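Fold and geometry: a report
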Amino acid sequence: MADEIKSFEDLGNATAAAAAPVVSDGEAPAADAPISGNGEPQPVYEQKLDAHGRAYATGKRKDAVARVWIKPGSGKIVVNKREFEKYFARPVLQMILKQPIVAADRLDQYDVMCTVTGGGLSGQAGAVRHGISKALTHYEPELRGVLKKGGFLTRDSRVVERKKYGKAKARRSFQFSKR
């Protein structure tokens, strides 16, 4: 900064100049670009597809990791080469799996193919849900707001606490013996 700031007026002029959008090559900044609360333009999300026209995402929950591909189709969901009703037999897990698709109002519009490893069935269902949500935003970036508001894009970071030495489990002590 070559100019010295000696008064409040100079400070006001300097901050106004710093807050003004930078114009390069005589171009005006885009008027339709959304502005966030701190004055910076919000990122514009673009469609991310592979060579086969599918959107890919990785979902995680506890120790489970799901690799998810979605493409336009009839609404068939395949988990580890099996129908999801057969893989996740409990209705609660099936409901968890469908939540992002129902929230985005895209039921029977996309085929979902995923492979999931690690953890138990509950963690795997959560990982697939997280992966489907991320893949939907890669295929249709305008769905990001709906899925973010529903909390489907946030990775649930709760994991099992490690066992501590001198304890039976993470916090459980051994049974006290008076004699």
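Just above sits the structure.
Since this is a predicted model, take the numbers as computed values, not measurements. (Residues numbered from 1 in each chain as written. Predicted model: local features only at pLDDT ≥ 70, side-chain atom pairs only at ≥ 80, totals over all residues. Heavy atoms only, no water.)

1. Some words on the pairing of strand β5 (residues 110-117)
Applicable threshold: Only strands that DSSP links by at least two bridges are regarded as paired with each other. Secondary structure counts use DSSP, requiring at least four H or I residues in a row for a helix and at least two E residues in a row for a strand, with both numbered from the N terminus.
The pairing of strand β2 (residues 64-72) with β5 spans eight bridges and is antiparallel. Considered in β5, the bridge of Trp69 is made with Met113. With three bridges joining them, strand β3 (residues 77-79) and β5 adopt parallel strand pairing. Residue pairing for β5: Val79 is matched across the bridge by Cys114.

2. Examining the pairing of strand β1 (residues 55-61)
Operational definition: Throughout this description, buried means an accessible area under 20% of the type-specific maximum (1.4 Å probe, protein chains only), exposed means over 50%, and partly exposed covers the range between.
Side chains Ala55, Ala57, Gly59 and Arg61 of β1 all project onto a buried face; the interleaved residues Tyr56, Thr58 and Lys60 project onto a face where none is buried. Pairing between β1 and β2: seven bridges, direction antiparallel. Bridge pairing links Ala55 to Ile70 in β2. Following β1, the chain reverses through two residues before pairing antiparallel with β2; Lys62 in that reversal takes a positive phi of roughly 50°.

3. Concerning the packing of aromatic side chains
Applicable threshold: For Phe, Tyr and Trp, where Trp contributes only its six-membered ring, two rings pair if their centres lie within 6.5 Å, and the inter-plane angle classes them as stacked under 30 degrees, edge-to-face over 60, or tilted in between.
Taken as a whole, this structure holds three aromatic pairs when the rule is applied. For the ring pair Tyr56 and Trp69, a centre distance of 5.1 Å and an interplane angle of 45° mean the geometry is tilted. Taken together, the positions of Tyr56 in strand β1 and Trp69 in strand β2 put the pair 13 residues apart, joining distant regions of the chain. Relative accessible area serves as the criterion here: at 35%, Tyr56 is assigned to the partly exposed category. Here the aromatic rings of Tyr110 and Tyr139 are separated by 5.2 Å at their centres, their planes lie at 75°, and the arrangement is edge-to-face. With Tyr110 in strand β5 and Tyr139 in helix α4 (residues 121-139), the pair connects residues that are 29 residues apart, well separated along the chain. By the burial criterion, Tyr110 is buried, and Tyr139 matches it.

4. Observations regarding the pattern of salt bridges
Pairs can form between side chains of opposite charge whenever their charged atoms are close. Using the following cut-off: Basic side-chain nitrogens of Lys or Arg form a salt bridge, by our definition, when they fall within 4 Å of a carboxyl oxygen of Asp or Glu.
Going through the model one piece at a time under the given rule, you end up with six salt bridges. Of the charged contacts in the structure, one is a salt bridge between Arg158 and Asp156, with a shortest N-O distance of 2.8 Å. Judged by its relative accessible area of 56%, Arg158 falls in the exposed class. With relative accessibility at 25%, the residue Asp156 sits in the partly exposed group. Across the salt bridge formed by Glu161 and Arg171, the nearest N and O atoms sit 3.1 Å from each other. Here the residue Glu161 occupies a position in the segment after α5 (144-150), and Arg171 occupies one in the segment after α5, the gap between them amounting to ten residues. A network of salt bridges, in which partner residues are shared, links Arg61, Asp156 and Arg158.

5. Section: helix α3 (residues 91-103)
Short version of the rule: To estimate how far a helix should reach, multiply one less than its number of residues by 1.5 Å. Note on bend: the value at a residue is the angle between axes fitted to the seven residues ending there and to the seven starting there.
Counted at 1.5 Å a residue, the expected span for α3 with its 13 residues is 18 Å, and the 18 Å between its end C-alpha atoms agrees. Most pronounced at Leu97, the bend in α3 amounts to some 35°, and the proline Pro100 follows within four residues. Taken together, the buried positions of α3 are Leu93, Gln94, Ile96, Leu97, Pro100 and Ile101. Once α3 finishes, Asp105 follows within two positions and takes phi at roughly 60°, a positive value.

6. Concerning unusual backbone geometry
The phi torsion of most residues other than glycine is negative, and most of the peptide bonds are trans. Positive phi is not limited to glycine here, since Asn80 has a value of about 50°. Examined against the element boundaries, Asn80 turns out to sit in the loop between β3 and β4 (82-83). Although it is not a glycine, Asp105 sits at a positive phi angle of roughly 60°. For Asp105, the position within the fold is in the loop between α3 and β5.

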